[in-house]
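Structural features, examined
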Amino acid sequence: MSRQTFLTRNRSIFWFLLSLAVFTLIVTVLADGIGNGMISTSFVKTLGRTLCLMLVAVAMDVVWGYTGILSLGHMAFFGLGGYMIGMWLMYARTEIIVSESLRAAAIPPTPEEIHDAVGTQIFGVVGSSDFPLIWAFASSFWAQLALVVIVPGLLALIFGWLAFRSRVTGVYLSILTQAMTLALSLYLFQNDSGLRGNNGLSGLQNLPGLDSVPQSMVSIAFFWASAAALAAGYVLFAWVVSGKMGSVIRGIRDNEGRVRFLGYHVESYKLFVFTVTAVVAGLAGALYYPQAGIINPAEVAPIASIYLAVWVAIGGRGRLYGAALGAAFVSLLSSWFTGGGVPNIPLGFYTIQWTDWWLVLLGVSFVAVTLLAPKGIGGLFDLVTRRHPVPVSTTDFGPDKGARRTVEGEEEK
């Protein structure tokens, strides 16, 4: 039998990338600013944000669906990535505004005076004017871009090392990740956190130095960047879950003790997956929040990570394309219901307002999928592809007479 390559073993990669490319082309042609204007700038931003959510959902699927770690903290890494790039966006934008306002002064301002004025402008809302230590690199785009990777990755590395070396598993690990997220969000809500407390960072859609570029062009550029990031992330994670590494992390999911008995350092594999997915989540957040325009501590609250798990479950965990489809489906449906796209239903004695009932509908959908369709939306592709059972060799394998193995090397009786 000829040895299969990475792509031939994972045909879903080709179809996913092809679908993503076609979708990106269609949106570009129909978008306002470049295309014929059939799709508004605001909806292009919605689609760009959806692509970012699809990326973090794929990362979550690798952690939960393939490795068996139900993390309720990955949206915290997503939010940290947004905060890191948001600090540069807010600083650079405010510096331009302050410099222009002081340019007409009789005596030109010094760099120190401009820096102090920027601090007053940014932190005046929380009664301060001094830059906290965490803003030390806010004036440098490349430094903050590096922090987009370093901060979520370092937090995941430290947390994962402490948790996995203690062999915390199951629901206890989920509670720990949720506690980490809760502690982070409560800290960010404080005014002295250095990130403007409940006010968060705003005006992120205004890119420094690009005032003359219309938002229609900026939105399509971010949409392309989000599509490229999703494509790269999908290929990366498809490689992670394939081959020997994929077999090991699936084994950890199914029977961690047996994998450890076979000689694999389970903690290293779990730490690698946890850290890499956190870094990708941070990058997704760095692309998401400039399109959203604002980030505040509520974005990293535990409920956001719970929503992420619901998206993956509805899409079908254990399938990368299922997680991506689940995130896209729920995100767009949420925008439709909460944005007033669905008319309210008057019942005489009560009027159903979908902005209030959307979360209830989402919860019911999650329960229904869990009980009735555990494979989620991704399971529908089984009906289309009509997967055939793996052919089994008739050669005896092992000491027991009649034991056989499949062409994949799995023993079967």
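What you are looking at is a predicted structure, and each value in this text was computed from that prediction instead of being measured.

1. Some thoughts on a nonpolar patch on the surface
- Judged by side-chain polarity, Val149, Ile150, Leu154, Leu157, Ile158, Trp161, Leu162 and Leu283 come together as a nonpolar surface patch covering roughly 700 Å² of accessible area.
- Of note, Leu157 is situated in helix α6 (residues 141–165).

2. Some details on unusual backbone geometry
- Positioned with a positive phi, Arg167 is a non-glycine residue whose angle comes to about 55°.
- When you line up the elements, Arg167 lands in the loop between α6 and α7 (170–189).
- Under the relative-accessibility criterion, Arg167 is labelled exposed at 51%.
- We note that Arg196 has phi near 65°; this positive angle belongs to a residue other than glycine.
- Within the secondary structure, Arg196 sits in the loop between α7 and β1 (201–202).

3. Considerations on helix α12 (residues 320–338)
- In this model α12 runs 27 Å from its N-terminal to its C-terminal C-alpha over 19 residues, within 8% of the 27 Å that 1.5 Å per residue would give.
- Taken residue by residue, α12 has Leu320, Tyr321, Gly322, Ala323, Ala324, Gly326, Ala327, Ala328, Val330, Ser331 and Phe337 as its buried positions.

4. Concerning the environment of Pro152
- Counting through the fold element by element, Pro152 comes out in helix α6.
- In sequence terms Pro152 and His74 are 78 residues apart; their C-alpha atoms lie 9.3 Å from each other.

5. Considering the nonpolar core
- Counting 114 residues, the largest nonpolar core has Phe16, Met54, Phe78, Trp135, Leu201 and Leu320 as its most contacted members.
- Take this core: its biggest share by element is 16 residues, from helix α3 (residues 41–66).

6. Side note on the packing of α3 against helix α8 (residues 215–240)
- In contact at an axis separation of 9 Å, α3 and α8 are set at 15° when each is read in the N-to-C sense. In terms of orientation, α3 and α8 fall into the roughly parallel class. Remark: the crossing between α3 and α8 carries left-handed chirality.

7. Digging into the confidence of the model for the protein chain
- Per-residue pLDDT for the protein chain has a mean of 85; in total, 90% of the residues score no lower than 70.
- Below a pLDDT of 50 lies the segment residues 388–400, which in the model reaches 24 contacts outside its immediate sequence neighbourhood of four places, other chains included.
- The model gives residues 402–413 a pLDDT under 50, and that stretch makes 33 contacts with residues more than four places away or in other chains.

8. Observations concerning the packing of α3 against helix α10 (residues 266–292)
- Across the interface, α3 lies against α10 with an axial gap of 9 Å and an inter-helix angle of 170°. One finds that α3 runs roughly antiparallel with respect to α10. In contact with Lys45, Gly48, Arg49, Cys52, Leu53, Leu55, Val56, Ala59, Val62 and Val63 of α3, α10 contributes Val273, Thr277, Val280, Ala281, Ala284, Leu287, Tyr288, Gln291 and Ala292.
- In the contact of α3 with α10, the residues fall into 14 nonpolar, three polar and two charged.

9. Some details on the packing of aromatic side chains
- For the coordinates displayed, the defined rule picks out 16 aromatic pairs.
- Ring plane angle 90° and centroid distance 5.7 Å describe the contact between Phe164 and Phe274, whose orientation is recorded as edge-to-face. Of this pair, Phe164 sits in helix α6 while Phe274 sits in helix α10, placing them 110 residues apart in sequence.
- Each member of the aromatic cluster is reached from another via a ring pair, and the members are Phe77, Phe159, Phe164 and Phe274.
- In this arrangement the basic side chain of Arg165 is found over the ring face of Trp161, its NZ or CZ atom lying 4.5 Å from the centre.

About the criteria used
Residues numbered from 1 in each chain as written. Predicted model: local features only at pLDDT ≥ 70, side-chain atom pairs only at ≥ 80, totals over all residues. Heavy atoms only, no water. Patch = residues over 30% accessible without salt bridge, like charges linked within 9 Å, V, L, I, M, F, W, Y side chains within 5 Å. Areas by Shrake-Rupley, 256 points an atom, 1.4 Å probe, with all protein chains shown as cover. Salt bridge = Lys/Arg side-chain N within 4 Å of Asp/Glu carboxyl O. Helix = DSSP H or I, 4+ residues; strand = E, 2+ residues; numbered from the N terminus. Buried < 20%, exposed > 50% of the residue type's maximum accessible area, 1.4 Å probe, protein only. Expected span 1.5 Å × (residues − 1). Core = buried A, V, L, I, M, F, W, Y, C linked by side-chain atoms within 4.5 Å. Axes fitted to C-alpha atoms, helices over the stretch in contact; angles between N-to-C directions. Parallel < 35°, antiparallel > 145°, perpendicular 65-115°, else oblique. Left-handed = near helix turned anticlockwise from the far one by under 90°. pLDDT = per-residue confidence, 0-100. Contact = heavy atoms within 4.5 Å. Nonpolar A, V, L, I, M, F, W, Y, C, P; charged D, E, K, R; others polar. Phe/Tyr/Trp six-rings, centres within 6.5 Å; stacked < 30°, edge-to-face > 60°. Lys NZ or Arg CZ within 6 Å of the ring centre and 35° of its normal.

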